[in-house]
Amino acid sequence: MQLEIKSRIDYLRKEIIRHNDFYYDKNDPKISDSEYDNLIKELEQLEREYPIFASLNSPTQKVSGVISSSFESVRHSLPMLSLDNTYSYEETARWYERIKKNLSGEAGLEFIVEPKIDGISTNLTYVNGILVIGATRGDGVKGENVTENIKTVEGIPYKLRVENPPSFFELRGEVYINKLDFKSLNDEIFKIGGQGFSNPRNAASGSLRQKNPQITSARKLRFFAHSFGRIRGRQLRRQSDFLRYCQECGFQLQDDFKVCNSLKEIASFADVMLNKRDSLYYEIDGLVIKVNALKLHEKLGNTNKSPRWAIAYKFPAKQATTKLNKICVQVGRTGILTPSAVLEPVVLAGVKISHATLHNFEEIKRLNINEGDTVLVERAGDVIPKIVKVVKKDKEVFFKSPHNCPSCNSEIVKDNEEKVAYRCINPDCPAQFRRHLIHFVSRSAMNIQGFGKAVIDQLLKKKKIKVLADIYYLTYDDLISLDLFKEKKTINLLEAITASKKRSLSRLLFALGIRHIGEKISEIIAKRFKNINVLLKASIEDFTRIPEIGSVLALFLKRFFENDAARHVIDSLIAAGVNIIESETYKIGKQFEDKVCVLTGELRTYTRKQASEIIISLGGRIASSVNKKTDYVFVGKNAGSKLEKAKKLGLRIIYEKEFKKLIVTSKI
Ligand code: IVH
């Protein structure tokens, strides 16, 4: 047993040292930060449980980092420490309570919470206000002398902008790179066939640790101050005073830091920052909570590796390594083939993910990935997860891009607009048709509620829909036989299909899924031409008269409306009763946006038709019967059973007087 423990400890120490080298020296990590932290945590726990195996040489006892032989080494005047991490509110609360207990005699204990910048730790030595040394943290005792590179970093003053600067000042902080600058840097590296950096931290580190300062200077590095080592000639009382003093000296401060008086305040600031994390222009990987009073730092002291007066509260990891199980190729609505990755499920930023985007086949080539490889994946914000790089190849075999459409087996061609994309040009490709159907019924197109993917897939399988217009010939029997369909659902869907016939021309145009024609341009075209029959006869000049339409798009539109297949689709939709006119009053307000409205009784001011048009123009949908799905019931004189039913169901009833008031703001 003891032997097993010892060999696990040896293994962990070796692994950590190996990964330190990838991370700190090569700026090319092979595991994610959280996986690295897990190795450390496991080792710390084993060393705690089996103290006979503890060693001062263990990576748990030392500040991690390297001093490359490419740089001269330089001794810090005071050691640069690391931080202990917590990963949950509970752990952080325990640290907080410990501090409170250890400082129980202290009145008015304050904390300061700062974002933890994901960059490279740097020590700037100012003598009489002049920058004399810029060094990396290195092993904490000695760092790499990168002074010439440091001088190129924006936001690091060569001369402190204060009168009577400290005679000696070791100012510490983080050199980092903005998210956008990181992306541009990687794009440039990709353009020349390079590998790129895994994340902004590696990019900052790789850029700062360059032999040639000119390269560093081109990399748009920046700096935030966060702590200090030795200082002579200036008395500081609190961390918050130190930050303000840095600002006076000419350093930029982070916008978000907060002095907190309780754990509750810390927790709510942590919530705010967790939500803000993705919208910040630089990468943060957590918060650093510090005791604010500097005299208490001395009282609490340090361990070998980290101060007791601060803790890093780490956010859920955004990157993780996992296995790429399969590369799937999907065919889009316009025939573009898009590869995507099926992953061994892994938790990223608190969410389990099993798919990642691959953009196109060039991306697969650039990443040199194939099924079976171990990859580093990242999830930032709401964006679909992406593969950052391969960390371990399964076999040295290249992924073979398909030569044929995976849906219809037709030959594929390189797209001449999106140069890196391949397209299936078979107009009858089933996968394209399925995608087109999904688009046609979607909320921003014909908005047929209840017509989801599952419904589409079943109807396609049963061959109930072969062309778009078939939607409008679906019967009660066709729908009632679908999975989970009962009478009510069937009737609702049939009603939704019928209601969609009245959608505006702009929605119809968008629903047709014409390449390059999005929602906005559909509206512009519909407003100009008003009727699809006019549009079908329009010349290139008619199109280019619209300021938003250039000659390329005009030619494209002309070709589309001349195309036999497109005309056939349009004719069949017209035959099915779909509206082809853009009414003048279309969408002039949003009062009834997506509300199901029923009219009953006689209105005095409007005919039934006029009232319906007004409701539609304000975003509403007209239904004929009152049920639970009805949002508004518009009531005129002599209303009968519909009014009774509306009252029973507790629906919102709008009489003519209120109706007029509601629509008056729309200038009808
Ligand atoms: S205070 C230990 N504040 O995180 C010395 N550190 O993982 C006190 N870091 O080496 C450091 N943002 O380079 C402090 N707001 C912040 C920070 C921060 C990033 C870095 C720092 C440290 C590392 C520990």
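Please read all numbers here as calculations on a predicted model, not as lab measurements.

Enquirer: I'm lost on the packing of helix H3 (residues 89–102) against helix H9 (residues 263–276) in this one. Help?
Expert: Packed helix pairs are characterised by how far apart their axes lie and by the angle those axes make with each other. Running from N to C, H3 and H9 cross one another at 145°; their axes reach a closest spacing of 11 Å. The interaxial crossing formed by H3 with H9 has right-handed handedness. Residues Tyr89, Ala93 and Tyr96 of H3 pack against Leu263, Ile266 and Ala267 of H9. By residue class, the composition of the contact of H3 with H9 is 6 nonpolar, no polar and no charged.

Enquirer: Would you mind going over the pairing of strand S19 (residues 596–600) with me for this structure?
Expert: Walk down a regular strand and you will see the side chains alternate between the two sheet faces. In terms of residue burial, S19 counts as a mostly covered element, since 5 of its 5 residues are buried. Here S19 shows two buried faces, one formed by Val596, Val598 and Thr600 and the other by Cys597 and Leu599. Note: S19 against strand S20 (residues 621–622), 2 bridges, orientation parallel. When the sheet's bridge partners are listed, Val596 is paired in S20 with Arg621. Once you follow S19 into helix H22 (residues 608–617) and on to S20, the crossover reads as right-handed.

Enquirer: Which parts of the structure should I look at to understand the site of the ligand?
Expert: Taken together, 15 residues sit near the ligand, with Glu114, Ser121, Arg137, Glu174 and Lys290 positioned nearest. The contact in question runs from a nitrogen atom of the ligand to an N or O atom on the backbone of Ile117, over 3.0 Å. Note that a nitrogen atom of the ligand is positioned 2.9 Å from one of the side-chain N or O atoms of Lys290. Out of a free accessible area of 510 Å², the ligand has 91% covered by protein chains.

Enquirer: I'm lost on the nonpolar core in this one. Help?
Expert: Buried together is how nonpolar side chains tend to be arranged in soluble globular proteins. Counting 55 residues, the largest nonpolar core has Phe440, Ile448, Phe451, Ile471, Tyr472 and Phe561 as the members making the most contacts within it. Those elements giving two or more residues to this core turn out to be helix H12 (430–441), helix H13 (453–461), helix H15 (487–500), helix H16 (505–511), helix H17 (519–529), helix H18 (532–537), helix H20 (551–562) and helix H21 (564–575). Setting aside its immediate chain neighbours within four residues, Tyr472 contacts Phe440, Met446, Ile448, Ile497, Ser500, Lys501, Leu573, Ala576 and Val578. Of all hydrophobic cores here, the second largest spans 36 residues; its members include Ile156, Leu221, Cys249 and Phe257.

Enquirer: Looking at this structure, I do not really get H17. What am I missing?
Expert: Each α-helix turn comprises 3.6 residues. Residues three or four places apart therefore point the same way. All of the buried residues along H17 are Ile521, Ser522, Ile524, Ile525, Ala526 and Phe529. The secondary structure elements touched by the buried residues of H17 are H16, H18, helix H19 (540–544) and H20. Of the residues trailing H17, Lys530 is marked for its positive phi of about 65°.

Enquirer: Quick question: what am I supposed to make of the sheet that holds strand S5 (residues 130–136) here?
Expert: Within a sheet, adjacent strands bond to each other through the backbone by hydrogen bonds, running parallel or antiparallel. Spatially, 4 strands are ordered S5-S4-S7-S8 in an open sheet, and the strand pairing comes out antiparallel. In the strand order of this sheet, the two ends are held by S5 and strand S8 (221–232), each with one partner. Neighbour-to-neighbour, the strand axes of this sheet turn through a mean angle of 25°, independent of strand direction. As defined by bridge partners, strand S7 (residues 168–177) adjoins S8 across 9 bridges and the pair is classed as antiparallel.

Enquirer: Can you help me understand the side chain of Arg172 in this one?
Expert: Here Arg172 shows up in strand S7. In terms of polar contacts, Arg172 uses its side chain to reach the backbone carbonyl oxygen of Pro79, at 3.2 Å. Looking at Arg172, its side chain comes within polar contact range of the side chain of Glu170, at 3.3 Å. Setting aside residues no more than four positions away along its own chain, Arg172 makes contact with His76, Leu78, Pro79, Met80, Thr122, Asn123, Phe223, Ala225, His226, Ser227, Phe228 and Gly229.

Enquirer: Quick question: what am I supposed to make of the environment of Thr475 here?
Expert: Here Thr475 lies in the loop between H13 and helix H14 (476–480). Exposure remark for Thr475: the relative accessible area of 37% places this residue in the partly exposed category. Residues Thr475 and Phe485, 10 residues apart in the sequence, show an inter-C-alpha distance of 13 Å.

Enquirer: Got a minute to help me understand the sheet that holds strand S22 (residues 652–655) in this structure?
Expert: Taken together, the 4 strands give an open sheet; going across it, the order is S20-S19-S21-S22, and neighbouring strands pair in parallel fashion. Of all strands in the sheet, those bounded by a partner on one side alone are S20 and S22. Pairing analysis gives 4 bridges linking strand S21 (residues 632–635) to S22, with the strands arranged parallel. Residue pairing in the sheet places Phe634 in a bridge with Ile654 of S22. H22 contacts S19, S20 and S21 of the sheet and is inclined by roughly 165° relative to S19. Helix H23 (residues 641–649) rests against S19, S21 and S22 of the sheet, and its axis sits at about 135° to S22.

About the thresholds
Residues numbered from 1 in each chain as written. Predicted model: local features only at pLDDT ≥ 70, side-chain atom pairs only at ≥ 80, totals over all residues. Heavy atoms only, no water. Axes fitted to C-alpha atoms, helices over the stretch in contact; angles between N-to-C directions. Helix = DSSP H or I, 4+ residues; strand = E, 2+ residues; numbered from the N terminus. Left-handed = near helix turned anticlockwise from the far one by under 90°. Contact = heavy atoms within 4.5 Å. Nonpolar A, V, L, I, M, F, W, Y, C, P; charged D, E, K, R; others polar. Buried < 20%, exposed > 50% of the residue type's maximum accessible area, 1.4 Å probe, protein only. Pairing = 2+ DSSP bridges. Right-handed = clockwise from strand over helix to strand, strands pointing away. Near = heavy atom within 4 Å. Polar contact = N/O pair within 3.5 Å; in protein donor to acceptor, adjacent residues only side chain to side chain. Areas by Shrake-Rupley, 256 points an atom, 1.4 Å probe, with all protein chains shown as cover. Core = buried A, V, L, I, M, F, W, Y, C linked by side-chain atoms within 4.5 Å.

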